[in-house]
Structures are given as C-alpha cells and as structure tokens.
Amino acid sequence: MSERAVLHVKGRILVGPEDVRDELWVVDGRISYDRPAGAREVRAVEGWVLPGLVDAHCHVGLGPHGVVPEEEAEKQALTDRGAGTLLIRDAGSPSDTRWTDAREDLPKIIRAGRHIARTRRYLRGYAHEIEPADLVAYVAQEARRGDGWVKLVGDWIDRDLGDLSACWPREAVEAAIAEAHRLGARVTAHCFATESLPDLVEAGIDCVEHATGLTEDLIPLFAERGVAIVPTLVNIATFPQLAAGGESKFPRWSAHMRRLHERRYDTVRAAHDAGIPVYVGTDAGGSLPHGLVAEEVAELVTAGIPVLDALAATTWAARSWLGRPGLDEGAPADLVVYETDPRQDVRVLAAPARVVLNGRVVS
C-alpha cells in the first residue's frame, strides 16, 4: 500500500463546546479522527483548534461606493482568511463573487444576492431600488441568484419624515417572504428601528440584521418564531459618528441613532437571554474593514453573552445554522489553531497561530 501524506493536528480539538478531542488527521483535504493506514505525516500543527470562524454578515467585493475591482475583493477575502474567517454569509452585494468558488485558498461564501431596497431609501449603488409592486419579482430573482438567502432593506431614513421608517407595507413583505420560501430561500433584512420589525417577523422572516430596534414587547415574538439576529455590534459602534454627521439636517434621526447605540448591549443581552439565536457578523465591506470577527465576538461578550455562546455564534452554532459542517468526520478541513484556550479568553481569536483551509495550512 502506498503512503499518503497527511496533516496531523494535535492538542485540544474543540469539536463542540464540551466535545474536546486530542487529535485529528487531514487526508485529501478532509477530517478523520482515525489515523489513516499507511499514512505518512508530512506536517503537524498543535494548539487549541476551532472550526473555521463564521462571519454571517460580510460583503466581499463591496466598497464605500459600490462594487470594487476583483483584486480588491481578493484582498478583502484574504484579510478575512487571515483573521480565521473561513465561512462568510455575504449579506447582500451587487458584486459577482462566483469566481471565488474556484479558489480553494479563499473563504467559502454563502450569498444573499443583491440588496432589495425601496426607491431612494438606501445607500446609492448597493441595491435594487424598487417599489412594493415589484418586490415579489425581485425577491424571486435574487433567490435564484443567491445561495439560499435573500436580503431586504427593512427600514432606512425617510428624508421627508427626517427619521427611520419601515420601507415596505405588510402585504408586500408577506407575499415576498412566501415566494422566497417557496423557492427554498431564507430571508433576512437590514433593520435599525422598531417599526419595521412586527410586520417582517409575523410575515415569516428568518433573520434580522442589526436588530437595534428590538424591544421588550417584540423579543417574545422573535423567540416564539425562532427569528435569528446578527447584531453587528462593531458596526453599531459607528452610530454616534453617523448621528453627528446628520445632526444639522436630520436631528430627529440623529437622536434616534444615539438612543439605539446607547442601549445596544442591553438589546443583545435581552435577546440572548430570551432564547433568540444570535450570530456573529461584522458588516465588513462598505465603510468597515474586513477581518473584524474577533472584535465582534469580544463585543458579544461585553454585551453579557457567555463566552461559550459567543464562541458558538461564530463556530459550532453558526455553521449548523448555515447548513455547513464543523470539525466533523469527513468534512472539509477548515479550522483555526490558537496558542491558548479561546474558552478562557475570546481575545485569543485575534491572533490565530495557524489557519487551515481545505486541508492546507494557508497561514
């Protein structure tokens, strides 16, 4: 029998929060917990091992003014990879990043198609800007283009009102979400304020991005319906700066944004305590840099989420939610190695010792 070259990963393999093993082998890019017969160990890595981290709200190929060149998108993806992010849910982008699927050295991307927004109610150059009569058709289009997700813009500033307001009438989102589900896609929505949330949740939405408008009255509804949230706290940290920039023209909106920022930690903690699924997302792309996944996990801990739950939000639970394997027998070997136990201090996530993608040590 000919020998096969393998990667031997030793130390503490965190297959799950309480499932810790001593070693695994990588053969032909896939995980095995049984030493392969006739295997020849070419390289070994050692440390505390997690599944490749998940950034569930990230925009590869997107910059402050819209689509960026392919070489810039590649840099973004490599930055995420260097931070240990090996699975991305791209929560809306006009950029076509299908070319990355052929690159085994780049993170895997689950796409939500292009944002769908109300006319003149979102950042210019990012979204399809349409009226409610066309919402179902555009949701169907993006459901077919994406990887099982569709992204709506649920609320945005109404310049006539001078504050955030819901973008879609109830009947429009009901029909649109039903169509997405018929086509096998889940739906998420950008939502800062409170007003858009009841209609979206009661219409059957699967996830809400940011969710700063969650209130005590709405949290039980989210929990009952199993609607997940991706808080993007590193993005919410920019609200005071945004508010200052809009103070003179939209003082009501600015005050609203400050209030949402001030109660951000209380909102996330209350959601978690009520059993609402919470996942890690950075909102990288646009105005925020890539590679912030460790900072977002630390923010969840600061908000009061237990360390194991914060880790799960970017590893075991996040991968299960997105339908992708973790450190399972036969799964692609996408993993990150650390020098110390991330369960003791999540700040270790900011300094991966090794990153293994598709069975190859890439950093």
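Scope of this entry: the structure provided in the associated data block.

Definitions and limits used
Residues numbered from 1 in each chain as written. Predicted model: local features only at pLDDT ≥ 70, side-chain atom pairs only at ≥ 80, totals over all residues. Heavy atoms only, no water. 1 Å grid on protein atoms, 1.4 Å probe; cavity = no way out; pocket = protein on both sides within 12 Å on 5 of 7 lines; lining within 4 Å. Points joined across faces, edges and corners; volume = space filled by probe spheres on them. Helix = DSSP H or I, 4+ residues; strand = E, 2+ residues; numbered from the N terminus. Nonpolar A, V, L, I, M, F, W, Y, C, P; charged D, E, K, R; others polar. Axes fitted to C-alpha atoms, helices over the stretch in contact; angles between N-to-C directions. Parallel < 35°, antiparallel > 145°, perpendicular 65-115°, else oblique. Left-handed = near helix turned anticlockwise from the far one by under 90°. Contact = heavy atoms within 4.5 Å. Disulfide = S-S within 2.5 Å. Core = buried A, V, L, I, M, F, W, Y, C linked by side-chain atoms within 4.5 Å. Buried < 20%, exposed > 50% of the residue type's maximum accessible area, 1.4 Å probe, protein only. Phe/Tyr/Trp six-rings, centres within 6.5 Å; stacked < 30°, edge-to-face > 60°. Lys NZ or Arg CZ within 6 Å of the ring centre and 35° of its normal. Salt bridge = Lys/Arg side-chain N within 4 Å of Asp/Glu carboxyl O.

### Digging into the layout of surface pockets
In this approach a probe as big as a water molecule rolls over the atoms, and the regions it shows empty are the leftover space.
Next up, step 1: By volume, the largest pocket amounts to about 960 Å³.
Next up, step 2: Sorting elements by how many residues they give to the lining of the largest pocket places helix H7 (residues 239-246) first, with five residues.
Next up, step 3: Of the residues that constitute the lining of the largest pocket, the class distribution is 15 nonpolar, 13 polar and seven charged.

### Quick notes on empty space enclosed by the protein
Next up, step 1: Following the criterion strictly, the structure yields one cavity of 30 Å³ or more and no others.
Next up, step 2: Its volume calculated, the largest cavity comes out at about 40 Å³.
Next up, step 3: Contributing to the lining of the largest cavity are His210, Ala211, Thr212, Pro231, Leu233, Ile236, Arg264, Thr267 and Val268.
Next up, step 4: Sorting the residues of the lining of the largest cavity by element identifies helix H6 (233-236) and helix H9 (264-273) as the ones contributing at least two each.
Next up, step 5: Residues that form the lining of the largest cavity fall into these classes: five nonpolar, three polar and one charged.

### A look at the packing of helix H2 (residues 135-145) against helix H3 (residues 170-182)
Between two packed helices, what matters for the description is the angle formed by their axes and the separation of those axes.
Next up, step 1: Between H2 and H3, whose axes approach to 9 Å, the crossing angle comes to 25°. The angle between H2 and H3 places the two elements in the roughly parallel class. As H2 runs across H3, the sense of the crossing is right-handed. The residues of H3 that touch H2, namely those facing Leu135, Val136, Val139, Ala140 and Arg144, are Ala172, Val173, Ala175, Ala176, Glu179, Ala180 and Arg182.

### Some words on the state of the cysteines
Next up, step 1: Tallying each qualifying case throughout the model produces zero disulfides.
Next up, step 2: Distance from the sulfur of Cys58, which forms no disulfide, to the nearest cysteine sulfur (Cys207) is 15 Å.

### A short note on the packing of H7 against helix H8 (residues 251-262)
Next up, step 1: Interhelical geometry of H7 versus H8 gives an angle of 170° and a closest axis separation of 8 Å. Considering the angle they form, H7 stands roughly antiparallel to H8. Together, Phe239, Pro240, Leu242, Ala243, Ala244 and Gly246 of H7 and Pro251, Trp253, Ser254, Met257, Arg258, Leu260 and His261 of H8 make up the contact between the two elements.
Next up, step 2: Here the residues of the contact of H7 with H8 are counted per class, giving nine nonpolar, three polar and one charged.

### A closer look at the nonpolar core
Next up, step 1: Counting 81 residues, the largest nonpolar core has Leu135, Leu152, Ile205, Leu214, Phe222 and Leu300 as the members making the most contacts within it.
Next up, step 2: With five residues, the single largest contributor to this core is H3.
Next up, step 3: Dropping the residues within four chain positions of it, Leu214 is found in contact with Leu197, Ile219, Phe222, Ile229, Arg263, Thr267, Ala271 and Ile276.
Next up, step 4: Counting residues in each nonpolar core, the second largest holds 15 residues, with Leu24, Tyr33, Val45 and Leu327 among its members.

### Considerations on the packing of aromatic side chains
Next up, step 1: All told, the structure shown has six aromatic pairs when counted by the stated rule.
Next up, step 2: A connected cluster of aromatic rings, assembled from ring pairs, spans Tyr122, Tyr126, Trp156, Phe192 and Phe239.
Next up, step 3: The ring of Tyr33 has Arg21 sitting right over it, with the charged end atom 4.3 Å from the ring centre.
Next up, step 4: Note that Arg264 overlies the ring of Tyr265, its terminal NZ or CZ placed 4.2 Å from the centroid.

### Quick word on the pattern of salt bridges
Next up, step 1: Tallying each qualifying case throughout the model produces 21 salt bridges.
Next up, step 2: One salt bridge connects Glu179 with Arg182, and the closest N-O pair in it is separated by 2.9 Å. Linking Glu179 with Arg182, this pair stays in helix H3, spanning three residues, or about one helical turn.
Next up, step 3: A single network of salt bridges, built from pairs that share partners, joins Arg98, Asp101, Arg111 and Asp147.

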